[in-house]
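Residue strings, one per chain:
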2 protein chains.
Amino acid sequence: MSEEGAFIALMRTLATAPGARGLMDDAAVLDRPAGGLVLTHDMMVEGVHFLPGDPPESVAWKLCAVNMSDLAAKGATPLGALIGYGMAGDPGWNEGFARGLGEALGHFGAALLGGDTVRMPDGGPRTLGLTAIGAAPACGAPARSGARAGDLLFVTGTLGDAGAGLALLLGQADAPEEARARLIEAYRRPRPPVALGPALAPHVSAMADVSDGLLIDANRIAQASGLAIAIDLARTPLSPALVAARGEDAQGRLAAATAGDDYQLLFTARPQEEAAIRALAAARGIAVTAVGRCEAGPAGLTLTHAGAPVPLPGRLGYEHGAS
Amino acid sequence: MSEEGAFIALMRTLATAPGARGLMDDAAVLDRPAGGLVLTHDMMVEGVHFLPGDPPESVAWKLCAVNMSDLAAKGATPLGALIGYGMAGDPGWNEGFARGLGEALGHFGAALLGGDTVRMPDGGPRTLGLTAIGAAPACGAPARSGARAGDLLFVTGTLGDAGAGLALLLGQADAPEEARARLIEAYRRPRPPVALGPALAPHVSAMADVSDGLLIDANRIAQASGLAIAIDLARTPLSPALVAARGEDAQGRLAAATAGDDYQLLFTARPQEEAAIRALAAARGIAVTAVGRCEAGPAGLTLTHAGAPVPLPGRLGYEHGAS
């Protein structure tokens, strides 16, 4: 069997939903959805978005997670995925990828519906794409543009772990052994809070995911909503592993707030929603931290650290082409 | 502005549907659809699925057309598309691609809803993906598996033009000048009959598109439906350009029946549906030709040419990884 045929056979073992039609048809079918849908497509290219040495299982996990994170940011519940797989001539890698994809799709509750498998030219980088389809929340998908003056800015989980993990893998930093393992895991296997997104949707005024860095993603909300967001760096939530590796001074916090690949939820809400939001997050074992406040004024960010102004860094985060 | 930023700005001029949210959000939103949806994702890699010398406008057209062809084969009406764009450092190429994409999406009636733009590593091939979303027909999306003994096998348009065009571009064949231009155009700018697919859906028992070759795609219907399909090569519809370039003897017809990239509709129907099918196609100016018949028997193909048996070629068409 050809490498492509072997990979498609692996995909068929995953594509058990009726709408996938066993990957034997031209396209997938999604029965009449109960409400609106949310759709997203993110790509990952070897050597650009993942390292040639990253295990294929974790590459598949991450490809799935980054797309599910976009769904969660719109309050959507995962339904299915289509995969675009540009392979590079290593059946063992393909098998690891298929294992990881099955694990991730199961974890996030998304059915494999279809896709396409192609062979990259000799020496070409593995190029992966995933389209995720989710059911929009009944209240409508929150936009980036809904924040209002007086709203609080919240973020889930902790920030900067993935960025620190990448720096460790690139040999740009060092860390104690246990912290190192946790930070690399955060880089390779992000765990966006997909169940919390739909629960939060009715309580938020704007929501996005932190994929390129807290500051750049908060600035996008500020620009889309046409208001100022004041962030207190001292409140950015840091993991024990990150503190062990980098400390928690203003410089370490600024690094955490401009690092990419967090895949946490970033949202604004009226102060009177805070108790409900904290209860929803606590019920799912997810930390939520208020890191800033929306104010009338020119659209953009202001930064402080425990009351003292901090100049905005020239680079707010990872600039890439997601849309 | 970065190359990625410039390309996204071009995409924003196309993404005017409300659900695209101006490509400013994490994901696209599709309002509650009236019925079921059909979803497909096909990739194209430079040097594999298109030639480095192909004009970017036509590459964009083809990327769109191949996905719309899958929708048409399921009787679906195009709604929208998400684009995955792996760029290779040539702003002029990006601009041509954006122009071609706008033209194609307009032609096929699909809204640009979102996607992702990434930079390929230096020297990496342009890698493109498109996810197409369509509205399923009220009768349900026809499958490959619904053919029954006694059904006729029909194909739209003409066969083999695109394959002959590719052979001309690769310098593997020659043709008179006017035929050459038409065959290359068929390769670069396929025109799947997207409006006919939904109209045919209630009248067919099985439907697929001819993307890899008449024989291989007919064999997939035979296998999925568990029956024999007898094809009369003498009936395969050939364009005047192909006849001028290749003649119309059995060998030329076999080449046309095993060439890829036709993007025509291939379907089976009860003989009593033939009049209705011909009327629907004629009203849209599309040729429909009966090329075979479904029979009880071991699943597979039998070939004749004007009554004489023809052995099945070892290669029925282009084997790739679409699923």
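Residues numbered from 1 in each chain as written. Chains lettered and ligands numbered in written order. Predicted model: local features only at pLDDT ≥ 70, side-chain atom pairs only at ≥ 80, totals over all residues. Heavy atoms only, no water.

A word on the pairing of strand S6 (residues 152–156) of chain A. All names here are of chain A. Burial analysis of S6 places five of its five residues in the buried class, which makes it a mostly covered element. Going residue by residue along S6, you find Leu152, Phe154 and Thr156 tucked away on one face and Leu153 and Val155 tucked away on the opposite face as well. Relative to strand S10 (residues 288–295), S6 is paired through five bridges, and the arrangement is antiparallel. In the strand pairing of S10, Thr156 is matched with Val288. (Buried < 20%, exposed > 50% of the residue type's maximum accessible area, 1.4 Å probe, protein only. Helix = DSSP H or I, 4+ residues; strand = E, 2+ residues; numbered from the N terminus. Pairing = 2+ DSSP bridges.)

This paragraph deals with the UniProt feature "domain: PurM-like N-terminal" (unreviewed entry) in chain A. As recorded in UniProt, the feature "domain: PurM-like N-terminal" (unreviewed entry) lies at residues 25–135 of chain A. A helix fraction of 32% and a strand fraction of 37% characterise residues 25–135 of chain A, whose end C-alpha atoms lie 24 Å from each other. (UniProt positions renumbered as here; feature names shortened; annotations may be inferred.)

Attention shifts here to the relation of the copies chain B and chain A. With an RMSD of 0.0 Å, chain B superimposes on chain A once it is rotated by 180° and translated 0.0 Å along the axis. Classification of the inter-copy transformation places it as that of a two-fold axis. Closest approach to the rotation axis within chain B is made by the C-alpha atom of B:Gly124, at a distance of 2.8 Å. Both copies contact each other with a shared surface, as 100% of the interface residues of chain B are interface residues in chain A too. (Least-squares fit on C-alpha atoms with pLDDT ≥ 70 in both. Contact = heavy atoms within 4.5 Å.)

Our next topic: the domain arrangement of chain A. All names here are of chain A. Each domain of chain A was delimited in the assignment, giving domain 1 (3–135) and domain 2 (144–310). For domain 1 versus domain 2, the distance between C-alpha centres works out to 27 Å. Each side of the interface is counted separately: domain 1 has 24 residues, and domain 2 has 21 residues. Summed over both partners, the interface of domain 1 with domain 2 comes to about 1800 Å²; 57% of that surface belongs to carbon and sulfur atoms. Among the residues of domain 1 in contact with domain 2, Leu51, Trp61 and Lys62 are the three that bury the most area, contributing 27% of the side total. Taken together, domain 1 and domain 2 are joined by three salt bridges. The salt bridge partner of Lys62 is Asp261, with a shortest N-O separation of 2.9 Å. Between domain 1 and domain 2 we count six residue pairs in polar contact (both at pLDDT 80 or more) in total. Of all the secondary-structure elements, those providing two or more residues to the side of domain 1 that touches domain 2 are helix H2 (56–73) and helix H3 (91–108). If one sorts the elements of the side of domain 1 that touches domain 2 by residue count, H2 sits on top with eleven residues. (Domains from an automatic or database assignment. Buried area = accessible area lost by both parts, 1.4 Å probe. Salt bridge = Lys/Arg side-chain N within 4 Å of Asp/Glu carboxyl O. Polar contact = N/O pair within 3.5 Å; in protein donor to acceptor, adjacent residues only side chain to side chain.)

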